[in-house]
Amino acid sequence: MADYALMNHRLFEGDRETVPRMTEEALAEGCPVLEVLEDGLIAGMRVVGEDFKHNRIFVPEVLLAARAMKAAMVVLQPLLTAADGDSSAGTIVMGTVKGDLHDIGKNLVGMMAEGAGFKIVDLGTNTSAEEFIAAAREHDADLLGMSALLTTTMVYMKTVIDEMRDAGLGHIPVCIGGAPISQSYADEIGASGYAADAGSAVELFKRLTAPAGDSAVQTATVGGS
Ligand code: B1M
C-alpha cells in the first residue's frame, strides 16, 4: 500500500532519489497514475507552497522539492502522455508567460493533453507574446495555452491576448491556468477559458477544439471556480 504521507514528506525534503522510486513502487502496486500524481506529489508541493508563503522554508528548499517532483514526473510521463488511439485532436501551443519560470503545472497539463491526443508545442517558460504568435503561426495552432504562477506575471496574459488579436490570430481560442488564475480573471482579459487543474484543462481543450456540432464534447464541463 503506497504511503503517500511519506512520499509527501520526502518530496518536501527534496529527496530526488526516493520520490521517483516511491512513485515507481506505487505504480507497480497498481495505484492509479492520477492518484499517485495528486496524493503523492501535488499534495506534497502544496505543503511546500504553504511553508514557503509563511517563511518557514526559502527558495533553495523549494527548488529542491521542485527537482524531486520533476524527477517523479519523468516516471509518470509515459503513462500520462500515452494516447489511446486517435492522436489528431489538434495542435496546442503552450508556454509559461514572460517573467515566470514556474513550469511544473504547465508540463503536467501538456502531458495530459498529449495523452488525450493533442500535439503539444511547448515553448517552455518566460515566453513573450512575440514567441506565442510566431509559434501559433508556424504550427497552425488550434489552441493557445498560457500558464502563470505569479500575480506579477499573470497580467502579461492580457498582453498576449491583445497582441494575438492585433496580429490577426483572434480566432484561436486561448486557455489560461495557474495558481493565481480564476474564471473571473479569464473573463476580464478575454480568454476563451480557464481550468483549475490538468484534468479540467484537457476537458476544456477538447470542448474548445471540437468541430461545431459535436455536442457530446461541447457540453463537457470543466472544474474550478
Ligand atoms: Co515559486 N511561487 N517563486 N517557485 N512557487 C509560488 C507560485 C508562490 C505562490 C509561493 C508562495 O508564496 N506560497 C509565490 C507566488 C506569490 C504570488 O505571486 N502571489 C512564489 C514566488 C513568490 C516565487 C519567487 C518570486 C520567489 C523568489 O524568488 N523570491 C520566484 C519567482 C521566479 C520566477 O518565476 N520569476 C519563485 C521561484 C520558484 C522556484 C524556481 C523555486 C520553483 C519553480 C520550479 C519550477 O516550476 N520549475 C517554485 C515553486 C515550486 C513554487 C510553488 C511552491 C509550487 C508550484 C508548483 O509547481 N505547484 C508555488 C506555490 C503554489 O503554487 N501554491 C510557488 C504544483 C503544480 C502541479 O501546480 O503549477 O498550480 P500548479 O499547476 C496546476 C494548476 O495551476 C493548473 O494545472 C496544474 C496541474 O494541476 N495549471 C493550468 C497550471 N497551468 C495551467 C495552464 C492551463 C490550465 C491549467 O491552461 C493552459
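Conventions and cut-offs
- Residues numbered from 1 in each chain as written.
- Predicted model: local features only at pLDDT ≥ 70, side-chain atom pairs only at ≥ 80, totals over all residues.
- Heavy atoms only, no water.
- Buried < 20%, exposed > 50% of the residue type's maximum accessible area, 1.4 Å probe, protein only.
- Helix = DSSP H or I, 4+ residues; strand = E, 2+ residues; numbered from the N terminus.
- Pairing = 2+ DSSP bridges.
- Donors = N, O, S within 2.8 Å, 3.2 Å for Na, K, Ca; no water.
- Near = heavy atom within 4 Å.
- Polar contact = N/O pair within 3.5 Å; in protein donor to acceptor, adjacent residues only side chain to side chain.
- Nonpolar A, V, L, I, M, F, W, Y, C, P; charged D, E, K, R; others polar.
- Bend = angle between axes of the 7 residues up to and from the residue.
- Contact = heavy atoms within 4.5 Å.
- Core = buried A, V, L, I, M, F, W, Y, C linked by side-chain atoms within 4.5 Å.
- Right-handed = clockwise from strand over helix to strand, strands pointing away.
- Expected span 1.5 Å × (residues − 1).

Caption draft 1: Spotlight on the pairing of strand E3 (residues 143-147). Burial runs high along E3: 5 of the 5 residues are buried. The alternating pattern of E3 places Leu 143, Gly 145 and Ser 147 and Leu 144 and Met 146 on opposite faces, both of which are buried. Bridge analysis of strand E1 (residues 90-96) against E3 gives 5 bridges, and the strand direction is parallel. When the sheet's bridge partners are listed, Ile 92 is paired in E3 with Leu 143. Relative to strand E4 (residues 174-177), E3 runs parallel, the two sharing 4 bridges. The residue bridging Gly 145 from the neighbouring strand is Cys 175, located in E4.

Caption draft 2: Here's a closer look at the coordination of the cobalt atom of the ligand. Protein coordination of the cobalt atom of the ligand is limited to a single donor, His 102 (NE2), which sits 2.2 Å from the metal. Along the chain, the position of His 102 falls in the loop between E1 and helix H5 (104-115).

Caption draft 3: A look at the site of the ligand. With respect to spatial proximity, 35 residues lie near the ligand, and among them Leu 101, His 102, Asp 103, Ser 147 and Thr 151 are the closest. His 102 is positioned such that a nitrogen or oxygen atom in its side chain is 2.8 Å from a nitrogen atom of the ligand. Interatomic distance of 2.7 Å between a side-chain N/O atom of Asp 103 and a nitrogen atom of the ligand. Going through the elements one at a time, helix H3 (33-53), helix H4 (59-81), H5, E3, E4 and helix H9 (198-209) are the ones with two or more residues in the shell around the ligand. No other element matches H4, which puts 5 residues into the shell around the ligand. Each residue belonging to the shell around the ligand can be placed in one class, and the counts come to 21 nonpolar, 9 polar and 5 charged.

Caption draft 4: Quick look at H4. Of all the bends in H4, the greatest, near 45°, is centred on Val 75, and the proline Pro 78 appears no more than four residues after it. Residues of H4 that are buried include every one of Val 62, Ala 65, Ala 66, Ala 68, Met 69, Ala 72, Met 73, Val 75, Leu 76, Leu 80 and Thr 81, and no others. For H4, the secondary structure elements touched by its buried residues are helix H1 (4-13), helix H2 (18-28), H3 and H5.

Caption draft 5: Region of the structure containing the nonpolar core. Core analysis: the largest hydrophobic core is formed by 41 residues, its most contacted members being Val 36, Leu 41, Met 69, Leu 76, Ile 92 and Phe 205. Breaking this core down by element, the ones donating at least two residues are H1, H2, H3, H4, E1, H5 and H9. Of the residues forming this core, the biggest block, 10 residues, is contributed by H4. For Ile 92, the residues in contact, after removing those within four places along its chain, are Ala 113, Phe 118, Lys 119, Ile 120, Val 121, Leu 143, Gly 145 and Phe 205. Formed by 28 residues, the second largest nonpolar core is a distinct cluster that contains Phe 132, Leu 144, Met 157 and Ile 189.

Caption draft 6: Just the side chain of Thr 23, in detail. Tracing the sequence through the fold places Thr 23 in helix H2. When neighbours within four sequence positions are excluded, Thr 23 is seen to be in contact with Met 7, Val 36, Leu 41, Ala 72, Val 75 and Leu 76.

Caption draft 7: Inspection of the environment of Pro 60 at higher detail. The topology assignment puts Pro 60 in helix H4. Separated by 46 residues in sequence, Pro 60 and Gly 14 have C-alpha atoms that sit 9.8 Å apart.

Caption draft 8: Inspection of the pairing of E1 at higher detail. Counting buried residues in E1 gives 7 out of 7 residues, a clear majority hidden from the surface. Neither face of E1 is open: one carries Gly 90, Ile 92, Met 94 and Thr 96, the other Thr 91, Val 93 and Gly 95, and all of them are buried. Across 5 bridges, E1 lies against strand E2 (residues 118-122) in parallel orientation. Bridged to Met 94 within E2 is Asp 122. As a crossover connection, the stretch from E1 through H5 into E2 is right-handed.

Caption draft 9: Representation of H3 in the model. With 21 residues, H3 should reach 30 Å at 1.5 Å per residue; the first-to-last C-alpha distance of 29 Å fits that figure. At Ile 42, H3 shows its largest kink, close to 30°. Considered for burial, the residues of H3 that qualify are Val 36, Leu 37, Gly 40, Leu 41, Ala 43, Gly 44, Val 48 and Asp 51. Residues of H3 that are buried in the fold lie against H1, H2, H4 and H5. In the stretch just after H3, Asn 55 is the one whose phi turns positive, near 60°.

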